[in-house]
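Descriptive analysis of the structure
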Amino acid sequence: MIEGQDIETRQNALAREIAARRDDLVALTQDLIRIPTLNPPGECYRDICDYLARRLKPSGFEIKLLRAEGTPGDSARYPRWNVVARREGGRVGPCVHFNSHIDVVEAGAGWTFDPFGGTVSDGKIYGRGACDMKGGLAASIIAAEAFIALWPEYPGAIEISGTADEETGGYGGVAWLAEQGYFSPERVQHVIIPEPLNKDRICLGHRGVMWAQIKTHGRIAHGSMPFLGDCAVRHMGAVISEMESSLFPALAQKHTSMPVVPDGARQSTMNINSLHGGQAEPAPDFTGFPSACVPDEARMVIDRRYLIEEQADEVREEIITLLERVKAERAGFRYDFEELWQVSPTMTSVDAPVVKAVERGIRSALSCEPVHVVSPGTYDQKHIDRIGRLKYCIAYGPGILDLAHQPDEYVGIDDMVDSAKVMAFALDDLLYGRT
Ligand SMILES: [Zn+2]
């Protein structure tokens with residue numbers, strides 16, 4: 001193959017290479033699903049990293065197996081392994097990085113297929129992680145391998161990483177790698193995360209998130225004489241009532257210009273994640289009765305998702321103002337507010353080369369117009385953006401987002417082939433600087 005070919009000829013060659021690898025793509029996805037990388041607790045990370053290393057070495061990738069020692073969850077029993085594979089083309093040029101998380105969530109109930117069997121049925125591959133996101137990982141590997149087979153001496157470098165713990169925050173995965181410099185803009189210029197966003201969509205980023213804990217305090221007393229105590233649960237009830245009457249309606253009025261999907265997430269939202277008050281829940285086999293006590297503490301955890309138009313300080317202030325309002329109206333009301341975790345919203349510019357390249361790939365491979373979206377929840381892009389300071393990052397991959405974490409999760413084989421073509425076309429554009 002010579003490099004002077006026009007783009008159409010190159011894309012036809014890539015499409016043929018990928019179509020010829022269809023069975024390989026299916027087998028690779030099945031193999032990945034059959035390694036049950038459950039998180040928590042973080043099973044089989046080393047196994048899947050070793051598998052990926054064996055897979056990528058023959059194409060000329062240099063492999064690094066990296067354990068994120070000391071990160072949350074890392075232990076001798078459950079080490080946090082990551083794999084970073086890099087292949088230089090032999091000439092100066094940019095680095096394009098495909099990042100996939102290797103972990104999957106628990107299978108849960110309701111499956112008609114073996115969640116770790118990788119069964120193929122009716123053009124789909126079933127299994128936990130099929131769409132989120134072992135199908136995307138497999139598609140990116142096939143895209144890279146097809147590209148390398150045609151033009152092994154490309155400018156720049158291709159990287160493929162398999163990283164731990166995305167489902168639990170990414171601290172033993174992308175966050176740690178970013179801290180070690182693996183996602184610095186000097187080293188990597190463009191990142192594609194093949195999360196399942198549908199093959200015609202480009203995900204530019206995500207909303208922000210703030211987790212916080214609210215505690216209300218009371219005074220314990222005998223339950224037959226509640227007037228001698230002070231019920232923390234009733235105080236919490238007043239907080240919820242204030243949220244219902246003022247906060248939730250206010251959040252529904254805050255609309256965003258971010259193209260968040262689904263539509264319901266195109267505004268500020270808040271979930272009451274948990275609520276505990278009074279005596280601890282008894283064990284399921286406990287047959288006794290509760291004792292008569294007035295609860296002296298209640299605890300609520302909230303999960304507030306915010307927009308690029310909002311600031312973290314405003315989001316925090318809004319809750320504190322609400323609590324102060326309840327305090328002003330309610331005798332004996334005492335509370336604590338503690339922020340647990342905060343991630344800023346992020347949105348890559350639509351003018352970024354990686355966006356342009358994938359847009360063109362979608363138009364050429366699928367003959368349709370690409371759609372820009374933003375994720376309602378965060379994913380590893382947050383660490384690439386905040387820790388790595390790398391701004392040219394998107395999520396693009398096969399699979400239907402709604403199937404993630406569901407029983408009978410699957411990825412469509414045609415969708416994987418199509419998105420592998422898009423990724424390969426984008427790779428070609430980015431490495432050769434046609435963006
Ligand atoms: Zn995912």
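The structure presented is a predicted model; accordingly, all values stated were derived computationally and were not measured.

1. A short note on helix 3 (residues 45-56)
For helix 3, built from twelve residues, the straight-helix expectation of 16 Å at 1.5 Å per residue is met to within 8% by its first-to-last C-alpha distance of 17 Å. Taken together, the buried positions of helix 3 are Tyr45, Ile48, Cys49, Leu52, Arg55 and Leu56. Buried residues in helix 3, looked at end-on, bunch into an arc of 120°, giving them a common side. Tucked inside the fold, the buried residues of helix 3 contact helix 2 (22-33), strand 1 (62-67), strand 2 (81-88), helix 4 (130-150) and strand 6 (155-163).

2. Some details on the sheet that holds strand 9 (residues 208-217)
Strand order across the open sheet formed by four strands is 10-11-9-12, with antiparallel pairing between neighbours. Among the strands making up the open sheet, the edge pair consists of strand 10 (269-277) and strand 12 (334-343). The mean inter-strand angle of the sheet, taken between neighbouring strand axes irrespective of direction, is 15°. Bridge count for strand 9 against strand 12 is nine bridges, and the pairing is antiparallel. From the neighbouring strand, Thr216 faces strand 12, where its bridge partner is Tyr335. Packed on one face of the sheet, helix 7 (residues 312-329) meets strand 9, strand 11 (297-306) and strand 12 and runs near 165° to strand 12.

3. Describing the environment of Ala365
The topology assignment puts Ala365 in helix 8 (residues 353-366). The contacts of Ala365, once residues within four sequence positions are left out, are Asp418, Lys421, Val422 and Phe425.

4. A closer look at the nonpolar core
Most often, soluble globular proteins have nonpolar side chains that are buried together. Counting residues in each nonpolar core, the largest one holds 114 residues, and the members touching the most others are Ala143, Val358, Ile394, Ala420, Ala424 and Leu427. Considering each element in turn, this core owes the most residues, 13 residues, to helix 4. Mapped onto the domain boundaries, this core takes at least three residues apiece from domain 1 (7-206 + 345-431) and domain 2 (208-278 + 291-343).

5. Quick word on the UniProt feature "domain: Peptidase M20 dimerisation" (unreviewed entry) in the protein
Per the UniProt entry, the sites bearing "domain: Peptidase M20 dimerisation" (unreviewed entry) are residues 205-329 in this numbering. Secondary structure across residues 205-329 divides into 31% helix and 25% strand, with the first and last C-alpha atoms of the span separated by 41 Å.

6. Structural notes on unusual backbone geometry
Note that the residue after Asp132, namely Met133, is joined by a cis bond; omega there is -5°. Locating Met133 in the fold gives a position in helix 4. At Arg389, a position not held by glycine, the phi torsion is positive, near 60°. When you line up the elements, Arg389 lands in the loop between helix 9 (381-386) and strand 15 (393-395). For His405, which is not glycine, the phi torsion reads 70° and is therefore positive.

Thresholds, definitions, all that
Residues numbered from 1 in each chain as written. Predicted model: local features only at pLDDT ≥ 70, side-chain atom pairs only at ≥ 80, totals over all residues. Helix = DSSP H or I, 4+ residues; strand = E, 2+ residues; numbered from the N terminus. Expected span 1.5 Å × (residues − 1). Buried ≥ 20, exposed ≤ 12 C-beta atoms within 10 Å, placed from the backbone. Arc of directions from axis to C-beta. Contact = placed C-beta atoms within 7 Å. Pairing = 2+ DSSP bridges. Axes fitted to C-alpha atoms, helices over the stretch in contact; angles between N-to-C directions. Core = buried A, V, L, I, M, F, W, Y, C linked by C-beta atoms within 7 Å. Domains from an automatic or database assignment. UniProt positions renumbered as here; feature names shortened; annotations may be inferred.

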